[in-house]
Amino acid sequence: MNIHEYQAKELLSKYGVAVPMGKVASHEDEAEQIAKDLNVEKFVVKAQIHAGGRGKGGGVKVANMLDEVKRLASEILGMNLVTHQTGPEGKLVSKVLVEEASNIATELYLGMVIDRATEKIVIMASQEGGMEIEEVARTNPEKILKEYVDPTVGLLPYQCRKIAYFLGLKGKTVNKAVKFILGLYQAFTEKDCSLAEINPLIVTNDGDVFALDGKMNFDDNALFRHPDIEKMHDPNEEDPTELEAKKWGISYVKLDGNIGCLVNGAGLAMSTMDIIKHHGGEPANFLDVGGGATADQVLQALKMILSDPNVKAIFINIFGGIMKCDTIAEGVISAAKEVGIEVPLIVRLEGTNVELGRKLLSESGLNIITGSDMREAAGKAVDAAK
Ligand code: GDP
Ligand code: MN
């Protein structure tokens with residue numbers, strides 16, 4: 001799960017991570033009131049969407065006077081913000097963060113992720129702040145320090161000092177950075193983060209450090225023990241089909257290919273995508289209807305697949321264990337009646353009640369391509385999508 005910048009900053013400040021003073025607003029008048037209450041000289045108004053690159057896209061504006069805050073907030077609120085991370089369709093802005101503007105001496109980068117290969121948390125730091133770190137990693141990897149943290153030992157102060165020196169910090173700023181990094185690490189581990197990224201981490205003219213931006217991702221499987229984080233969930237930021245899927249208890253992830261997949265069981269769904277790729281095709285989605293899906297869930301799943309205009313063929317790959325093959329067949333038939341299936345439908349059924357399932361499908365009058373096994377059926381699906 002992702003959260004907004006303003007939520008990340010609220011959370012991080014509880015861990016002693018220095019963030020600029022500010023508050024979130026949904027209306028221009030509210031933005032103006034926040035600016036008044038801040039009682040400072042310069043402000044920054046920032047679009048709150050789950051995507052980076054807002055600055056370049058026109059979603060981050062500095063106001064040199066109180067009067068400008070209201071105007072900037074009204075410009076940004078309701079705008080469709082397009083950045084390199086939103087895709088060309090952009091994202092509607094419904095909240096802005098109003099902050100005291102900082103006097104930036106340097107922009108640095110600090111990030112934490114879980115490194116699966118070493119089973120450690122890796123802290124990444126670079127003096128190339130404010131830029132895309134992926135680009136720095138590609139062109140100048142030596143400009144990124146990677147410091148690995150053994151989770152059983154925890155982050156040690158000497159590691160933070162090493163990072164601070166690599167970032168070129170001096171004097172009292174080193175101690176401030178150490179406190180900052182320790183706080184970020186504590187938030188990361190206590191809240192089961194999968195990513196925390198401060199880009200830029202700034203040093204002010206006075207030698208203070210602040211998180212000017214904040215991005216945090218959390219492990220969905222750990223959310224049950226963090227109701228405070230779960231409450232931060234913003235459904236407006238999710239793919240509408242994925243949201244609909246969740247409501248029906250279906251795991252759906254949209255992908256870029258053209259073969260819609262309907263499968264039961266996450267393992268089979270993964271291998272279905274593999275075998276499609278093996279045959280030179282591209283899956284349009286990951287979709288697991290679960291072990292004991294009802295005909296209704298199958299109907300919903302097919303509707304989701306069909307709502308994707310890229311889908312040129314549908315591959316149904318079911319191994320009926322708890323799930324019965326006739327249930328699948330019923331779902332497919334009612335979907336065909338209700339929404340119509342214009343694209344080729346390739347079905348591979350095996351397991352409980354397979355004979356009954358096949359009979360229902362063959363008597364349905366639907367134009368169905370069958371495969372005797374998974375490999376053959378996948379090949380047919382790839383051919384049909386061409
Ligand atoms: P992003 O573009 O979505 O990553 O948004 P950021 O929060 O990182 O802001 C983008 C850029 O706007 C930063 O790299 C800064 O250069 C600039 N910026 C943001 N806040 C301030 C501020 O308080 N003062 C000044 N001078 N610049 C700011
Ligand atoms: Mn940023």
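All figures in this text were calculated on a predicted structure; none of them were measured in a lab. (Residues numbered from 1 in each chain as written. Chains lettered and ligands numbered in written order. Predicted model: local features only at pLDDT ≥ 70, side-chain atom pairs only at ≥ 80, totals over all residues. Heavy atoms only, no water.)

(A) Structural detail: the coordination of the manganese ion (ligand 2). Surrounding the manganese ion (ligand 2) are the protein donor atoms Asn199 (O) and Asp213 (OD), at 2.2 Å. Of this pair, Asn199 sits in strand β10 (residues 193-204) while Asp213 is found in the loop between β11 (209-211) and β12 (215-218), placing the two residues 14 residues apart along the sequence. The residues Asn199 and Asp213 share a single accessibility class, namely buried. (Donors = N, O, S within 2.8 Å, 3.2 Å for Na, K, Ca; no water. Helix = DSSP H or I, 4+ residues; strand = E, 2+ residues; numbered from the N terminus. Buried < 20%, exposed > 50% of the residue type's maximum accessible area, 1.4 Å probe, protein only.)

(B) Summary view of the layout of surface pockets. Considered as a void within the structure, the largest pocket measures approximately 1000 Å³ in volume. Broken down by secondary-structure element, the contributors of at least two residues to the lining of the largest pocket are β2 (43-47), α3 (54-57), β3 (60-63), β7 (104-115), α5 (133-139), β10 and β12. Among the elements that take part in the lining of the largest pocket, β7 stands out by supplying six residues, more than any other. Here the lining of the largest pocket is built from residues that sort into 19 nonpolar, 14 polar and 12 charged. Empty space within the second largest pocket amounts to approximately 510 Å³. If you trace the second largest pocket, you find 20 residues lining it, with His50, Lys91, Glu237, Glu238 and Asp239 closest to the centre. Considering only residue class, the lining of the second largest pocket consists of four nonpolar, seven polar and nine charged. (1 Å grid on protein atoms, 1.4 Å probe; cavity = no way out; pocket = protein on both sides within 12 Å on 5 of 7 lines; lining within 4 Å. Points joined across faces, edges and corners; volume = space filled by probe spheres on them. Nonpolar A, V, L, I, M, F, W, Y, C, P; charged D, E, K, R; others polar.)

(C) Just the pairing of β10, in detail. Of all 12 residues in β10, 11 are buried; the element is thus mostly enclosed. With eight bridges joining them, β7 and β10 adopt antiparallel strand pairing. Within β10, the residue paired with Met112 across the bridge is Ala196. Alignment of β10 against β12, held across four bridges, turns out to be antiparallel. The residue of β12 that forms the bridge with Ala196 is Met216. Here β10 runs beside β11; their pairing, made up of three bridges, is antiparallel. Paired with Leu201 across the bridge in β11 is Ala211. Remark: four residues form the turn of the hairpin made by β10 and β11, two consecutive strands paired antiparallel; Gly207 in that turn has positive phi of roughly 85°. (Pairing = 2+ DSSP bridges.)

(D) Representation of the environment of Glu376 within the structure. Along the chain, the position of Glu376 falls in helix α14 (residues 374-385). Overall, the relative accessible area of 35% leaves Glu376 in the partly exposed class. Between the C-alpha atoms of Glu376 and His279, which are 97 residues apart in sequence, the distance is 9.7 Å. With residues up to four places along the chain from it excluded, the contact list for Glu376 reads Thr370 and Gly371. (Contact = heavy atoms within 4.5 Å.)

(E) Local environment of the sheet that holds strand β1 (residues 22-25). Taking strand neighbours across the sheet as the criterion, the four strands line up as β1-β6-β2-β3 in an open arrangement whose pairing is antiparallel. A strand with exactly one partner marks an edge of an open sheet, and here the two such strands are β1 and β3. For this sheet, the mean inter-axis angle between neighbouring strands, taken without regard to orientation, is 20°. Of the pairings in the sheet, the one linking β1 to strand β6 (residues 96-100) comprises four bridges and is antiparallel in character. Across the sheet, residue Val24 finds its bridge partner in β6, namely Leu97. Against the sheet, helix α2 (residues 28-38) engages β1, β2 and β6, with an angle of about 170° to β1. (Axes fitted to C-alpha atoms, helices over the stretch in contact; angles between N-to-C directions.)

(F) Spotlight on the site of ligand 1. Ligand 1 sits among 15 residues. The nearest are Lys46, Arg54, Gly55, Ser102 and Glu107. Residue Gly53 places a main-chain N or O atom 3.2 Å away from an oxygen atom belonging to ligand 1. Out of a free accessible area of 560 Å², ligand 1 has 78% covered by protein chains. More than half of the atoms of ligand 1 fall within 2 Å of the grid points belonging to the largest pocket. (Near = heavy atom within 4 Å. Polar contact = N/O pair within 3.5 Å; in protein donor to acceptor, adjacent residues only side chain to side chain. Areas by Shrake-Rupley, 256 points an atom, 1.4 Å probe, with all protein chains shown as cover. Sits in = over half its atoms within 2 Å of the grid points.)

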